[in-house]
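Spelled out, the chains give:
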Amino acid sequence: MDNRARGYNITLQLHKDLHILTILTAFLMLATRALSLVGKRAISTSICVRGGHGVAKVDDYALPAYFDRRENPLPDVQFVTELSAVQKSLKEKEKGSWATLSNEEKIALYRISFKQSFAEMNEGTKEWKSVIAGMFFFIGMTGLVVLWQRKFVYGPVPPTFESEWKEKEVQRMLDMRINPVEGFSAKWDYENKEWKK
Amino acid sequence: MFRPVVRLSTSGVRSLTRTRQCYSAPLASRCYSHAKVETDEEFDARWVTYFSKPDIDAWELKKGDLLKNIENTSASFYEGMNTLIGYDLVPEPKILDSALRACRRLNDLASAIRILEAVKDKSGPHKDIYPYLIQELQPTLIELGISTPEDLGMDIL
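Residues numbered from 1 in each chain as written. Chains lettered and ligands numbered in written order. Predicted model: local features only at pLDDT ≥ 70, side-chain atom pairs only at ≥ 80, totals over all residues. Heavy atoms only, no water.

- Per an unreviewed UniProt entry, chain B goes by the name Cytochrome c oxidase subunit 5A, mitochondrial and belongs to Oncorhynchus tshawytscha.
- Recorded under Subcellular location (unreviewed entry), the UniProt text for chain B is reproduced unchanged: "Mitochondrion inner membrane". (UniProt positions renumbered as here; feature names shortened; annotations may be inferred.)

- Per an unreviewed UniProt entry, chain A goes by Cytochrome c oxidase subunit 4 and derives from Oncorhynchus tshawytscha.

### Observations concerning the overall build of chain B
Working step 1: Each helix and strand in chain B was counted, giving eight helices and zero strands.
Working step 2: N-terminal to C-terminal, the α/β element order of chain B is α-α-α-α-α-α-α-α.
Working step 3: Long-range contacts, defined as pairs at least 24 residues apart, comprise 62% of the intrachain contacts of chain B with a sequence gap of at least 6.
Working step 4: Carbon and sulfur atoms make up 59% of the accessible area of chain B, which totals about 9,900 Å². (Helix = DSSP H or I, 4+ residues; strand = E, 2+ residues; numbered from the N terminus. Contact = heavy atoms within 4.5 Å. Areas by Shrake-Rupley, 256 points an atom, 1.4 Å probe, with all protein chains shown as cover.)

### Topic: helix H3 (residues 103-113) of chain A
Since one α-helical turn is 3.6 residues long, residues separated by three or four positions face the same way.
Working step 1: Those residues of H3 of chain A that fall on the buried side of the exposure criterion are Lys106, Leu109, Tyr110, Ile112 and Ser113 of chain A. All buried residues of H3 of chain A lie within an arc of 160° about the axis, which places them on one face of the element. (Buried < 20%, exposed > 50% of the residue type's maximum accessible area, 1.4 Å probe, protein only. Arc of directions from axis to C-beta.)

### Digging into the interface of chain A and chain B
Working step 1: Residue-level contacts link 33 residues of chain A with 28 residues of chain B.
Working step 2: Carbon and sulfur atoms make up 59% of the area that chain A and chain B hide from each other, which totals about 2,500 Å².
Working step 3: Looking at the side of chain A facing chain B, the largest losses of area belong to Leu74, Trp98 and Tyr110 of chain A, adding up to 31% of the total buried there.
Working step 4: A salt bridge links Asp68 of chain A to Arg114 of chain B, with the shortest nitrogen-to-oxygen separation between them at 2.9 Å.
Working step 5: Elements with a minimum of two residues in the side of chain A that touches chain B: H3 and helix H4 (118-121) of chain A.
Working step 6: It is H3 of chain A that provides the largest number of residues to the side of chain A that touches chain B, a total of seven residues.
Working step 7: The residue inventory of the side of chain A that touches chain B, partitioned by class, reads 15 nonpolar, eight polar and ten charged. (Buried area = accessible area lost by both parts, 1.4 Å probe. Salt bridge = Lys/Arg side-chain N within 4 Å of Asp/Glu carboxyl O. Nonpolar A, V, L, I, M, F, W, Y, C, P; charged D, E, K, R; others polar.)

### As for the side chain of Asp68 of chain A
Working step 1: Tracing the backbone through its elements, the reader meets Asp68 of chain A in the loop between strand E2 (55-57) and helix H2 (85-94).
Working step 2: Only 2.6 Å separates the side chain of Asp68 of chain A from the side chain of Tyr66 of chain A, close enough to count as a polar contact.
Working step 3: Engagement of the side chain of Asp68 of chain A in a polar contact is seen with the backbone nitrogen of Gln116 of chain A, the distance being 3.1 Å.
Working step 4: Apart from residues lying up to four places away in sequence, Asp68 of chain A is in contact with Lys115, Gln116 and Met121 of chain A together with Arg114 of chain B. (Polar contact = N/O pair within 3.5 Å; in protein donor to acceptor, adjacent residues only side chain to side chain.)

### Focus: the pattern of salt bridges
Residues and elements named next belong to chain B.
Working step 1: By the definition in use, this model includes 18 salt bridges over all chains.
Working step 2: The closest approach of N and O atoms between Lys36 and Glu42, which form a salt bridge, is 3.4 Å.
Working step 3: Connected through shared salt-bridge partners, Asp97, Arg101 and Glu143 make up one network.

### Comments concerning the UniProt feature "transmembrane region" (unreviewed entry) in chain A
Working step 1: UniProt tags residues 20-38 and 131-149 of chain A as "transmembrane region" (unreviewed entry).
Working step 2: Here residues 131-149 of chain A runs as 100% helix and 0% strand, with 27 Å between its end C-alpha atoms.

### Here we look at unusual backbone geometry
Residue and element names in this part refer to chain A.
Working step 1: Phi angles above zero are rare outside glycine, and Asn179 is one such case at about 45°.
Working step 2: Its place among the elements puts Asn179 in the loop between helix H6 (163-175) and strand E3 (188-189).
Working step 3: Residue Asn179 is classed as partly exposed on the basis of its relative accessible area, which comes to 49%.

### Some points on the confidence of the model for chain B
Atomic detail in the predicted coordinates should be set aside for any region of low pLDDT.
All names here are of chain B.
Working step 1: On average, residues of chain B carry a pLDDT of 79, and 71% of them reach 70 or more.
Working step 2: Confidence over residues 1-22 falls short of pLDDT 50; this stretch has zero contacts with residues more than four positions distant or in other chains.
Working step 3: Across residues 66-77 the pLDDT falls below 50, and counting only partners more than four positions away or on other chains, this stretch makes 17 contacts in the model. (pLDDT = per-residue confidence, 0-100.)

### Overview of the packing of aromatic side chains
All names here are of chain A.
Working step 1: Tallied over the entire structure, the rule returns twelve aromatic pairs over all chains.
Working step 2: Ring geometry for Tyr66 against Phe79: centres 5.3 Å apart, planes inclined by 50°, an arrangement best described as tilted. Of the two residues, Tyr66 sits in the loop between E2 and H2 while Phe79 sits in the loop between E2 and H2, which places them 13 residues apart along the sequence.
Working step 3: Here Tyr66 falls in the buried class, since its relative accessible area comes to 19%. (Phe/Tyr/Trp six-rings, centres within 6.5 Å; stacked < 30°, edge-to-face > 60°.)

### Overview of the environment of Glu136 of chain B
Working step 1: In this fold, Glu136 of chain B is placed in helix H7 (residues 129-144).
Working step 2: Residues Glu136 of chain B and Lys94 of chain B, spaced 42 residues apart in sequence, show a C-alpha to C-alpha distance of 8.7 Å.

### Regarding the nonpolar core
In summary, soluble globular proteins display a tendency toward joint burial of nonpolar side chains.
Working step 1: Residues Trp47, Phe51, Met81, Leu84 and Ile146 of chain B are the most contacted members of the largest nonpolar core, which totals 45 residues.
Working step 2: Elements that contribute at least two residues to this core include exactly H3 and H4 of chain A together with helix H2 (40-51), helix H4 (81-86), helix H5 (93-105), helix H6 (109-122) and H7 of chain B.
Working step 3: The element contributing the most residues to this core is H6 of chain B, with eight residues.
Working step 4: What Leu84 of chain B contacts, discounting residues up to four positions off in sequence, is Phe43, Trp47, Phe51, Pro91 and Ile95 of chain B. (Core = buried A, V, L, I, M, F, W, Y, C linked by side-chain atoms within 4.5 Å.)

### Side note on the confidence of the model for chain A
Residues and elements named next belong to chain A.
Working step 1: Counting all residues, the mean pLDDT for chain A is 84, and 74% of those residues have values of 70 or more.
Working step 2: Helix H1 (residues 3-41) is the least confidently modelled element of chain A, averaging 57 in pLDDT, while helix H5 (residues 127-152) averages 97, the highest of any element.
Working step 3: The model gives residues 38-44 a pLDDT under 50, and that stretch makes seven contacts with residues more than four places away or in other chains.

### A short note on the environment of Leu96 of chain B
All names here are of chain B.
Working step 1: Tracing the backbone shows Leu96 in helix H5.
Working step 2: For Leu96, a relative accessible area of 2% puts it in the buried group.
Working step 3: Between the C-alpha atom of Leu96 and that of Val119, which follows or precedes it by 23 residues, the distance is 8.9 Å.
Working step 4: Look past the residues within four positions of Leu96 in its chain and what remains in contact with it is Met81, Pro91, Ile115, Val119, Leu133 and Leu137.

As structure tokens, this is what we get:
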């Protein structure tokens, strides 16, 4: 290939690169604009710029949350975030002397900032009743299963448990003088052939 | 017969003395930390100063994080009510007085009532602490117009 042809090829390549570059930048601009639109749609979240690469939507779960807990009496946010007109005027009144507020107004102010009072948050549930009921129910079910097993699963008890057998067994043990000092045979009166009183 | 016994006994004695020398335990030297222990008065003073800051903001009033430099016992402005409640104590009336006044500066009555509730909850089974605190705080409560949770009927369900 001669020099002129080589040069021509090079310029063609450069043109192609330029075309690709312009298309890419146009796409990127569109993309960022779309992203910013998505970010603006959510009212309660804020937009933060991340290192100049575009905007990142901050989700609700990442923001400070309200929760009632004994160990954290003053949460990071108020409970009621959007105040009605009445509440707004009450908040204005709060800036003045608190002695002029009625009890209802004070309670209303409390309820704006907090969801449950300490008494309400510490209130016990009646869950323990369900727990005990569940326990008894399952113990009962198990009892039924055991009874069924005894009737339908287990075979007969060995003959060694019959009373006749047991009598013979005890007699044999006494004849053998099992534990004659302090144990079994020691409690049998061999003269009178009865258990010692 | 005697000599090996003597030999054994001397070597035994020598080893005994040797071990006794090495084994002498050092006198009890405790390794307590070198941080200064804060007295109750210093603790109270620190917290009163903290809440007395004239331009205290809502976050500082609430503050939950434990950004505390233990060796720095001067007022460290990175604590707040949540941290105070986290301690194993019921705050003194003067600290609460300071905190309630901070609420007043922030125009936050709800937080003031909440603080009283929290302190009552904090005393746990010791039912006589809270009435004492209220009695001590009565002048402040009247001055600022703060109602106790009992006045508002919030202590019952």
